[in-house]
Amino acid sequence: MSLSILLRCVDLPSTRDFYQSLLGFDSAVTPGNTLTVSKHGARLVFTSQDLWALEPRLSGTIYITVADVNAYFAAIKDRVTVAWALQDMPYGSREFAIVDCNGYLIAFQQEDPGRR
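Attention in this report is confined to the structure presented alongside it.

Here the focus is unusual backbone geometry. Excluding glycine, residues mostly have negative phi values, and the peptide bonds linking residues are mostly trans. At H40, a position not held by glycine, the phi torsion is positive, near 55 degrees. The class for H40 is partly exposed, based on a relative accessible area of 39%.

As structure tokens, then:
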């Protein structure tokens, strides 16, 4: 099963640049004036259309599992706004989070099977 999340963004070109240039995601403008970004098996879809009559917001955190969270953190930490630094969590993952260009919290995690 795969999951795609449709999120409102402020500006499609800025969002594409953020995810592609800063985070290393693949990106494609897709039908319906949307942008799809993907990496590590995760896929996010952004639209600048006001489908919900709301500003971009989410009352949660989007988690993306990566193979080497230490290396990924080292590669991007100086180019993004870090919401929380790389750390081991009591629920068995090593993770960090950033704030994307639209204000969404995106966490990158690596699960530690020995800690479950």
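Further notes follow.
Before going further, it helps to examine the pairing of strand β4 (residues 42–47). Of all six residues in β4, five are buried, a share of seventy percent or more. Bridge count between strand β1 (residues 4–8) and β4: five bridges; the pairing is parallel. Within β4, the position partnered with L7 by the bridge is F46. Between strand β3 (residues 34–39) and the antiparallel strand that follows it, β4, lie two residues; H40 among them carries a positive phi value of about 55 degrees.

Let us now look at the packing of aromatic side chains. Aromatic ring pairs are reported here in terms of the distance separating the ring centres and the angle at which the planes meet. Taken as a whole, this structure holds seven aromatic pairs when the rule is applied. For the ring pair Y19 and F25, a centre distance of 5.3 Å and an interplane angle of 80 degrees mean the geometry is edge-to-face. Measuring from centroid to centroid gives 4.9 Å for Y72 and F108, while their planes differ by 65 degrees, and the two rings are edge-to-face. Placement of the pair is Y72 in helix α2 (residues 69–76) and F108 in strand β8 (residues 105–111), with a sequence separation of 36 residues. F108 carries the same exposure label as Y72, and that label is buried. Grouping aromatic residues by their ring pairs yields a cluster made of F18, Y19, F25 and F46.

Analysis parameters
Residues numbered from 1 in each chain as written. Predicted model: local features only at pLDDT ≥ 70, side-chain atom pairs only at ≥ 80, totals over all residues. Heavy atoms only, no water. Buried < 20%, exposed > 50% of the residue type's maximum accessible area, 1.4 Å probe, protein only. Helix = DSSP H or I, 4+ residues; strand = E, 2+ residues; numbered from the N terminus. Pairing = 2+ DSSP bridges. Phe/Tyr/Trp six-rings, centres within 6.5 Å; stacked < 30°, edge-to-face > 60°.

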